[in-house]
Each structure stands twice: as C-alpha cells, then as structure tokens.
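Structure assessment
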Amino acid sequence: MIQAFGLTSNPRKGLPLALDDVSFEARAGHVTVLLGAPGAGKTTALRLMLELQQGRGLTYFRGRPLHRIAHPSREVGVLLGDVPGHPARTVRGHLRMLCAAAGVPVRRADEVLEAVGLVSLRDERLGTLSRGMDRRLGLACALLADPHTLVLDHPADGLSERESRWLHGLLRAHAAQGGTVLSTTADPKEAARTADRVVTLDQGRLVADQEAARFARNRLRPRVAVRTPHAARLAAALTKEARTARRSVEVVQEDGNRLSVYGSTCADIGEAAFRHRILVHQLADEVGDMGPGADGGDADSAHAGQGAGGRDGEPGPAHAHDDRPAGGTPHEEQPTAAAGAPSPEPDRSPLNPPSTSTSTPAGPRPAPTAPVPAATDIATDTATATAPVKGAVAPGGAGPGGGAAGAAVTPVGESVAPGDTGPAPAAAATTAPPAQPAPTDGGSDASPVAAAGPARPPVGGPSGPTRTLEGALPALPPPIAVRSAPSPLRPLRYELRRAAGISTGFLTGAAVLLVSVLTSLVLARIGHTSQARLLAAWPVQLPLPPAALGAGLLGALAFGDEFRHPALAADRGSVPRRLGLLTAKLLVSALTALTLAFLTAGCDAEALYLVHGREFTQVPADWFQLGAGWLALTVGCAWAGVLAAGVFRSTTAGLAAVVAVPVAVVPLVQKAVESASVRTAAGFSVRLREVLLSQWPFGGDRYVAAALRVIAQPVGGALALSLSALLCAYLLTTMRSRTR
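One structure accompanies this document, and this report is about it. (Residues numbered from 1 in each chain as written. Predicted model: local features only at pLDDT ≥ 70, side-chain atom pairs only at ≥ 80, totals over all residues. Heavy atoms only, no water.)

What follows deals with the overall build of the protein. Each helix and strand in the protein was counted, giving 24 helices and 17 strands. Counting the 740 residues in the protein, one finds 49% classified as buried. A separation of at least 24 residues holds for 78% of the contacts in the protein among residues at least 6 apart in sequence. If you sum the accessible surface of the protein, you get close to 33400 Å²; carbon and sulfur atoms cover 60% of it. (Helix = DSSP H or I, 4+ residues; strand = E, 2+ residues; numbered from the N terminus. Buried < 20%, exposed > 50% of the residue type's maximum accessible area, 1.4 Å probe, protein only. Contact = heavy atoms within 4.5 Å. Areas by Shrake-Rupley, 256 points an atom, 1.4 Å probe, with all protein chains shown as cover.)

So, in structure tokens, the structure goes:
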C-alpha cells in the first residue's frame, strides 16, 4: 500500500508549482492510475514519492518511507523513462548485472525474461531495442527483485494496442497476487479500462480520486464521430431536427470536416444526412472525454444531480461540455449548437453509455480490501464549492433551477447554428447545496478541487460539509531530500559483470598492446633507449607509457559509465558512493591493470625478439625493483582514474587526473624532494631492522626497499600523493552525502 501526503514541489521562479499539496493512496491488490495531461504533475509526483527530487511531502510504502527500507529494490520496482543501460550491453547481461546489485540469484534474470517475453532477444544489444522491447526490459528490471509495489511512469507509452493489452494484463496479475500497482497515463479511456481507481491531476492539483466505474460515468461520454465535407450544413440540420423533435442533442464542430454529436446514434445521423442529401464519409461510435472539470465537480454536485435531471451522484443527462482531453485541447472545437428537450429513450442518454463504452476495467477483479484509515481520507472528504459549469442545463430555456430533466443549451459565448430561430437559452450554474454532505465511496471517493494535506484538520459536524479552517496556516509537510542509491548487495560480482559485459575494456586492452608493441619496435630501431624503457615502451618524451594510460582509462570508465548509464540509480537518486562499491572497483581495476602490465611487457619482449633478436630482450639485473615499479605504476594510474572519475563524475576527468600526475604533480615533487631522498630511502630498511632488533621474515627487507625506492622516485611520489588526495576527496564527498 502506498500513502502519499502533501506532495509539493519546490517553487520555481516566475512559474507555478509543478505539484501543489497532493495526497492520495494506492491500495494493495488494486491498480491505481495517476491521470493527467502532459505537465499536470504526474511524473513530478512519482519522483517526489521516490525521493528523486527535492520538495515537500511524505510517502509511505507499506508503512515506511523509502529511505527507511533496507533494500528498496525488493520493496518498490520502478520504471521511469527508458532503461538507463549501456547501449552495447546485452539484455541478459544487463539483467545479470542488476541481479548482483539486488542480491538475487542470477537465474532470476532468465525468469523475468520469460515473464516479459524477451527470451528470444536476450542476446540483443540495448541500443538496438525498439520502443516496445525497451518498455518490456524496463518492466523486467522492475520485477527483477520480486517487489511488492510497482511504480511505473507511462508504461504503455509508444506501445501498440496488442502490447498495451499484454502490459496491463501483467500489471493486473501482479495486483491479483496482492501487490500494489501505481502507474501514470494521459489517456482517460485507458485509465477507465485498466484501473481500479483513478486519481486525476490538473495543473499540479488533485482534481478527483474515484473508483474506475464512477470515473467512467462522470468523465467519459458516448458520442458519434462524423466526417463530411459539408459539416456546417449537417450540424445545422441535426440541430434543427433535434429542436423540432424535442430531443437532447449536442453538435460540436471540430477542426476540418469533423463533427462530434452527443445524444444521438449513427442510424439517426445517417438518416438525417440522407434526407438532406449531405455526403458523409464516416460515422463511428466513440467515447468522448469531458475533461478534468467533469471530475472536479463530482464531490460537490453529486447530491444536486436530481435537481438537474440526473441520478444521485451523476451529472444531468443534457450537460453540455466541450470534448477536450484532461488539461489540454489537442484540437480546437467550435460548438455550433445544442438544442432540444430531454429524450425519452434511455439508450440515448449520456448516463447509459452503449456497449462500446469502456467504463469498467478489463479482466478479473480481486476482492476489494477494507479501506485503511489514513490522512488521505480527510483530504478526499473535504468538500469545496464548485465553479459554475460551462454549458449547464436550463430546462426548456426557462432559466436555472428547473426540476425536469433539463435540455442542453448553447454554451456561453457560442453562436447559434444557421436556421435556428428563437432566443438562445441562458446557461445555468449548478452549485452544491450546503445542507447535505457529499457522498463518499469508502471514505475517499470524493474529488475536491484541491486536496487538503494531512496537517489541515477539518471543522464542522457530520450534518454539514467538511471544510478547511479559513485563515489557519497549516504546518508545512516535511522536506524531501534526494538520497543516493544503496550500494550493491554483491559489489564484487556486480563490478565483474559490469566490466566484462561490454567490449570496451577488451578493445581498449587490444589497442594498448598494439600501440605498445609498435612503440617498442620504433624505440629499438632508433636506439639510445634503455632496456627497461624498451620493454615498457616508454619514450622519454611521453609522460606515461601506453600501458599506464590504458589502465588509467579503464579505471576512469569504471566509475564514468556509472554516471553516463546509471543502472544502479535508475530508481534511487544519484550514483552511490559507498565504500563497498569503491573497494570492488579498486580490486577489479587493479586486477585489470596487473594483467595489462604483464601482457604489455610480454608482448613487447616477444616482438623485440622476433624483429631484432635476443640482444634486445635481455633481463636487467635489477629486474625486481623495476618490475615492482612497473606494476605499481599501472595499478596507481588505474586507481587514480577510478577515484578521479568518482569524485568528478566524469570519465574525461578521471583520465585527465591520470595525465596530470606526470605533467603537473611530478615537477612539484621534484622541487620539494631532492635526489638525496633516494639515497636516504636506500638504507631505510637496514636502519629499521636495527631499531626493531629483529630480522625481516622471508626477506621482507627487499620488498620494503623496493617499495621505498618506487615511492622515492618523482613519478612514484607524485602518484602516491595524488592517490592520497583523491581518496580523501572521495571519502569527504561520501561523508557529505550521508550527512545530507
């Protein structure tokens, strides 16, 4: 169960709030849909709930806020936008990597691939997937840890009708097993067809919180779509015949040659067109959207429906509304006429939609659970007076307040169709009588224009509507802080699968070996190069050998790819800077650097032997110290790349830090530490043995002397100094993020 209280986005300069004090709940075993036009605040609400965006409010997932859950991926599965994976990684490899992060067995990847129908595409690259396959993969990532709650942002966006049906069937099955499903959409028909409960947002405010069946009755309305090159003539003819027959018919002229006719049928319109010899290209039954205003007045005008000619809790049969989507007008409509008295046929009333109307969700429904008392009950039970309804009913054109089933009139500001004689009736504004409380469905089916937060106590008794206390300033909801994602539960497995799942590391290693071999051959041909530099392919003119630069690049990619393709942070803020993840990356990068160093030296020696003979492959006398320095250099460059990329959040910054060590730091070290330090370090192990009065076990003094010689060198000292500074900066940023 999800309970959201007082979700409010941070104010923007010169712009209204993207989300303003929204409270609702999504119950377990039900599919709840956030409905609203683009810009209504749906995605902002999800990001505030998931603590991905700063703001105010509080969200409980089964009684706990998300940052109090030890393993969020096992509680909440999230799909926001496209899958943030490396485009060169395979589908199966991406899921296996996330299995290590979530701490689930690797076989779970194959199980979810089969569940979402991606078994045949498991070896495809992420960059080659279509929109529909990407949504399937995103759903597989959300289901990977078997979460109780699914939070999905436009899951059916860009899918075909068949794929949408499959997706909603899968979500329905998850809810039937006791899970909670919260998704967003901009299509009211899709919401009525697939949801158990619909929460409507408009311009950042809560407009309605209703059961799907009631939402379909209030929001959706059957109509007939007509296409004809003589739209004005047909509209005038239909209006005149409706007024003559005293029938409630509303004709809305849309863009081009299209008409929307409410209160009639395809047969009646076709016969009228035939009588007037008007060519018709299309006649089709549709379900029109009345817009969010139809929901906003439901809580207050529900009990006034009998006075307007409708049943209790429903609008009158002849209410004239513009057919516009929620919060927007994708096409301009020009209402031409709406006339006539109430029709005696019940099948033509908007309250009795035909069988084509999708007023109830498809598929079996789980048994509804008992409503849980929460602060949202206060928010949704708060009744507010509604604004006058545009195009309201005035029976017979006699004025407001008629008791009969009112006839539809021309909305305010709209012209009368040609050939229509007689004055246009005036529009009547329907408001809620304050003497009767608005009916609620389970304590939360009322739909105020702006839901009150949990800190706003209601006043008034049970005999009157619940209203907020005027002039009282409520306490602000608690702030929402953006927190980093938790560390992978199995960081070493995660890092190994991340590094081996793409070909970037292998291609970089191959390029380093090729460049190193060519450089060593060129240096041998030129001459005047020491044996050690020949084997390392390190010209005096270059700050670092190719192997060290390659190790630094691979280390920078270890953290740089996390920020470019944040697979770990797909549902929880920024990339985690945890010591467990850092340790795993340092271990893997060190192993990669050592492998690259051994392969480079071996390939260079083999190439020199094949081209120039044995004289260029002689092993130096001080091979132990040189080998230790060579391995330390490559590992140090790799670690510098990892730490710099983690601190500066960029692969380029990591590689720049590696290059900056010999270019900028080494000259500073040379000035600060003179060459005498090498001689001082040479006898350090002997003096230390004299002080400790004990022998080094297993000849340890040799290793200590070699390490000290490496550090005493300008490059070694500069690298050690840089690593220390980067590690301190990384730890500082980690502690700072935890403090926040």
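Here we come to the sheet that holds strand S4 (residues 55–61). Adjacent strands of a sheet pair through backbone hydrogen bonds, lying either parallel or antiparallel. Overall, antiparallel pairing links the four strands, which are arranged S2-S1-S4-S17 in an open sheet. Each end of this open sheet is capped by a strand with a single partner; those strands are strand S2 (22–26) and strand S17 (479–480). Judged from the four bridges that link them, strand S1 (residues 2–9) and S2 form a sheet pairing that is antiparallel. Each residue of the ladder has a partner; that of Ala4, found in S2, is Phe24. Lying on the sheet, helix H1 (residues 42–49) is in contact with S1, S2, S4 and S17; it crosses S1 at an angle near 110 degrees. (Pairing = 2+ DSSP bridges. Axes fitted to C-alpha atoms, helices over the stretch in contact; angles between N-to-C directions.)

Further remarks concern the sheet that holds strand S3 (residues 31–35). In spatial order, the strands read S5-S6-S7-S3-S8-S9; together these six strands make up an open sheet with mixed pairing. Of all strands in the sheet, those with a lone pairing partner are strand S5 (76–79) and strand S9 (205–211), marking the two edges. Looking at each pair of strands side by side, their axes are set apart by 15 degrees on average, direction ignored. Strand direction decides the pairing type here: S5 and strand S6 (residues 149–152), joined by four bridges, are parallel. Its bridge partner being in S6, Val78 is matched across the sheet by Val151.

Glancing now at the environment of Gly127. With respect to the helices and strands, Gly127 occurs in the loop between helix H4 (107–116) and helix H5 (131–143). Residue class for Gly127 comes out exposed when judged on its relative accessible area of 55%. Along the backbone, Gly127 and His86 are 41 residues apart, and their C-alpha atoms lie at a distance of 7.7 Å.

A few words on the nonpolar core. Leu95, Leu137, Leu171, Tyr494, Phe559, Leu582 and Leu633 are the most contacted members of the largest nonpolar core, which totals 87 residues. Here this core takes 11 residues from helix H19 (residues 623–648), the largest share from any one element. Ignoring any residue separated from it by four or fewer positions in sequence, one finds Leu171 in contact with Val31, Leu139, Leu150, Leu152 and Val181. Membership of the second largest hydrophobic core comes to 27 residues, among which are Ala4, Ala26, Phe61 and Leu66. (Core = buried A, V, L, I, M, F, W, Y, C linked by side-chain atoms within 4.5 Å.)

Glancing now at the side chain of Asp209. Tracing the chain through its elements places Asp209 in strand S9. Look at Asp209 and you get buried, because its relative accessible area is 2%. Within the local environment of Asp209, its side chain forms a polar contact with the side chain of Arg197, the two groups lying 2.8 Å apart. (Polar contact = N/O pair within 3.5 Å; in protein donor to acceptor, adjacent residues only side chain to side chain.)

On to the state of the cysteines. Counted under the stated rule, the structure contains zero disulfides. Among the cysteines around Cys99, which has no disulfide bond, Cys141 carries the closest sulfur, lying 9.5 Å off. On the accessibility criterion, Cys99 (0% relative accessible area) is buried. (Disulfide = S-S within 2.5 Å.)

This brings us to the environment of Leu113. Its location among the elements puts Leu113 in helix H4. With relative accessibility at 1%, the residue Leu113 sits in the buried group. Along the chain, Leu113 and Leu139 lie 26 residues apart, while their C-alpha atoms are 9.8 Å from each other. With residues up to four places along the chain from it excluded, the contact list for Leu113 reads Val91, Arg92, Leu95, Leu118, Val119 and Arg122.

Across the interface, helix H15 (residues 504–526) lies against helix H18 (residues 579–612) with an axial gap of 9 Å and an inter-helix angle of 40 degrees. Between H15 and H18, the angle falls in the class oblique. Every pair of crossing elements has a handedness; the one defined by H15 and H18 is right-handed. In contact with Gly509, Val512, Leu513, Ser516, Val517, Ser520, Leu521, Ala524 and Arg525 of H15, H18 contributes Leu596, Leu599, Thr600, Cys603, Asp604, Ala607, Leu608, Val611 and His612. Residues that form the contact of H15 with H18 fall into these classes: 11 nonpolar, five polar and two charged. (Parallel < 35°, antiparallel > 145°, perpendicular 65-115°, else oblique. Left-handed = near helix turned anticlockwise from the far one by under 90°. Nonpolar A, V, L, I, M, F, W, Y, C, P; charged D, E, K, R; others polar.)

As a further point, take the pattern of salt bridges. Evaluation of the coordinates by the stated rule reveals 23 salt bridges. With a shortest N-O distance of 2.9 Å, Arg92 and Asp110 are connected by a salt bridge. Highlighted residues: Arg92 in helix H3 (residues 91–102) and Asp110 in helix H4, separated in sequence by 18 residues. The partly exposed category is assigned to Arg92, whose relative accessible area is 26%. Taking relative accessible area as the criterion, Asp110 reaches 28% and is therefore assigned partly exposed. Within this structure, Glu495, Arg498, Asp561, Glu562, Arg564 and Lys585 form a network of salt bridges that share partners. (Salt bridge = Lys/Arg side-chain N within 4 Å of Asp/Glu carboxyl O.)

Remark: helix H17 (residues 546–564) packs on H18, axes separated minimally by 9 Å, with the N-to-C direction vectors making an angle of 155 degrees. Taken together, the axes of H17 and H18 lie roughly antiparallel to each other. Here the hand of the crossing between H17 and H18 comes out right-handed. Touching Ala547, Gly550, Ala551, Leu554, Ala558, Phe559 and Glu562 of H17 are Leu581, Leu582, Lys585, Thr592, Ala593, Leu596 and Thr600, all from H18.

Across the five residues of strand S11 (residues 249–253), five count as buried, placing the element largely inside the fold. In the sheet, S11 pairs with strand S12 (residues 258–262) via four bridges, with the strands oriented antiparallel. In the sheet register, Gln253 faces S12, and the bridge partner there is Leu259. Between S11 and the antiparallel strand that follows it, S12, lie four residues; Gly256 among them carries a positive phi value of about 70 degrees.

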